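# Structure at a glance
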Amino acid sequence: MFAITREPLDPMPLVESVRRDECGAVVLFYGVVRNENRGRSVRYLEYDAYEPMALKKLRAVADEVRAKFPVTGVGVLHRIGRLEVGETSLLVAVSAGHRREAFEACHYAVDRIKETVPIWKKEVWEDGSEWIEGHVPEVPGAG
Amino acid sequence: MPQVHVRLFAGLHDLVGKRDLVLDLPAGATIGLLRERLGEEYPVVQPFLATLVCAVDEEYVPSGHLLRDGDDVALIPPISGGAA
């Protein structure tokens, strides 16, 4: 299961979508909106996305994870639009035969999502706002 | 003469005030030329160019990528999705 959505994220259907009878572990990661960043108090976040490409890149991250780790299932949901403190922006679920692969693969997936998926976050403070500049995506063939 | 559709997101969308642009480019134009042209026509974009990556048809492409008529080009400033 993969989605970019403006609706609140529901973890249970995602967990069910990756669970298989042969897996002994499911790791579920929640990315949650924090009330401060770099010493500034955050009121809320606004996420923008290039939606069709972001969805394609989420699937590509899952393909990478499956090629690198012996996992049985991978699923990702990313919420966009306005998110309040405490709300969930990202859910990543990974299932595997055993816990170690599930933890490692989930960690890897979360890192790769930050590096490759065209989604942007604006922090809104009491006295202003800023689009956060994170990773410059790798370009194939750019040396 | 290729005419390309350009998509803007995040800070670029706010600065230019548009989600989409159409640019007419000379034959043989590359992503590199599109970037130069953008900087000239929209000076607010200039400071973003150093870290800006482009995607054509939903794939990241290098500066030398040749543009064709009708291409869909997305301007991708540094990304910041996912989790803290």
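A brief look at the structure comes next. None of the values given here were measured: they were computed from a predicted structure.

### Some words on the overall build of chain A
In terms of helices and strands, chain A carries three helices and nine strands. Each helix and strand of chain A, ordered N terminal to C terminal, gives the series β-α-β-β-β-α-β-β-β-α-β-β. For chain A, the C-alpha radius of gyration of 16 Å lies close to 15 Å, the compact-globule estimate for 143 residues. Burial analysis of chain A (143 residues in total) assigns 37% to the buried set.

### So, unusual backbone geometry
All names here are of chain A. The backbone of Arg38 sits at a positive phi, close to 45°, despite the residue not being glycine. Examined against the element boundaries, Arg38 turns out to sit in the loop between strand 3 (36–37) and strand 4 (40–49). Under the C-beta neighbour-count criterion, Arg38 is labelled exposed, with 7 such atoms within 10 Å.

### Let's talk about the pairing of strand 4 of chain A
All names here are of chain A. Pairing analysis gives two bridges linking strand 3 to strand 4, with the strands arranged antiparallel. Within strand 4, the position partnered with Asn37 by the bridge is Arg40. Counting the residues between successive antiparallel strands, the hairpin from strand 3 to strand 4 contains two residues, one of them, Arg38, with a positive phi of roughly 45°. Bridge analysis of strand 4 against strand 8 (residues 119–125) gives seven bridges, and the strand direction is antiparallel.

### Notes on helix 2 (residues 51–68) of chain A
Its 18 residues place the ends of helix 2 of chain A 26 Å apart at the C-alpha level, agreeing with the 26 Å of an ideal helix rising 1.5 Å per residue. Residues of helix 2 of chain A that are buried include every one of Met53, Ala54, Lys57, Leu58, Val61, Ala62 and Val65 of chain A, and no others.

### As for the sheet that holds strand 1 (residues 3–7) of chain B
All names here are of chain B. Taken together, five strands build an open sheet; the order of strands is 2-1-5-3-4 and the sheet is mixed. Bordering the open sheet on either side are strand 2 (20–24) and strand 4 (59–61), each of which pairs with just one other strand. Strand-to-strand twist in this sheet, taken as the mean axis angle between neighbours without regard to direction, amounts to 35°. In this structure, strand 1 lies alongside strand 2, joined through five bridges in antiparallel fashion. In the strand pairing of strand 2, Gln3 is matched with Asp24. Helix-sheet contacts for helix 2 (residues 31–41) involve strand 1, strand 2, strand 3 (53–56), strand 4 and strand 5 (72–76), and the interaxial angle to strand 2 is about 110°.

### A closer look at the sheet that holds strand 7 (residues 88–96) of chain A
Residue and element names in this part refer to chain A. Pairing in this open sheet of four strands is mixed, and the strands run 1-5-7-2 from one edge to the other. Two strands lie at the open edges of the sheet, namely strand 1 (2–5) and strand 2 (25–32), each paired on one side alone. For this sheet, the mean angle separating the axes of adjacent strands, direction not counted, is 10°. Pairing analysis gives seven bridges linking strand 5 (residues 71–79) to strand 7, with the strands arranged antiparallel. Bridge pairing in strand 7 places Val74 opposite Val94. Each of strand 1 and strand 5 touches helix 2; the most contacted strand, strand 5, lies at about 155° to it. Contacting strand 2, strand 5 and strand 7, helix 3 (residues 99–116) crosses the sheet at an angle of about 145° to strand 7.

### Concerning the interface of chain B and chain A
Between chain B and chain A, the residue contacts involve 22 residues of the former and 30 residues of the latter. Of all the elements in the fold, those that place two or more residues in the side of chain B that touches chain A are helix 1 (10–16), strand 3, strand 4 and strand 5 of chain B. Ranked by residues supplied to the side of chain B that touches chain A, first place goes to helix 1 of chain B with three residues. A per-class count over the side of chain B that touches chain A returns 14 nonpolar, six polar and two charged.

### Let's talk about the packing of helix 2 of chain A against helix 3 of chain A
How two helices sit against one another is set out by the angle between their axes and by the gap between those axes. Residues and elements named next belong to chain A. Running from amino to carboxyl end, helix 2 crosses helix 3 at an angle of 145°, the nearest separation of the two axes being 10 Å. In the packing of helix 2 onto helix 3, the handedness of the crossing is right-handed. From helix 2, Lys57, Leu58, Val61, Glu64, Val65 and Lys68 reach across to helix 3, where they touch Ala105, Tyr108, Ala109, Arg112, Ile113 and Thr116. Taken together, the residues of the contact of helix 2 with helix 3 sort by class into seven nonpolar, one polar and four charged.

Rules used in this analysis
- Residues numbered from 1 in each chain as written.
- Chains lettered and ligands numbered in written order.
- Predicted model: local features only at pLDDT ≥ 70, side-chain atom pairs only at ≥ 80, totals over all residues.
- Helix = DSSP H or I, 4+ residues; strand = E, 2+ residues; numbered from the N terminus.
- Rg over C-alpha atoms; globule rule 2.2 N^0.38 Å.
- Buried ≥ 20, exposed ≤ 12 C-beta atoms within 10 Å, placed from the backbone.
- Pairing = 2+ DSSP bridges.
- Expected span 1.5 Å × (residues − 1).
- Axes fitted to C-alpha atoms, helices over the stretch in contact; angles between N-to-C directions.
- Contact = placed C-beta atoms within 7 Å.
- Nonpolar A, V, L, I, M, F, W, Y, C, P; charged D, E, K, R; others polar.
- Left-handed = near helix turned anticlockwise from the far one by under 90°.

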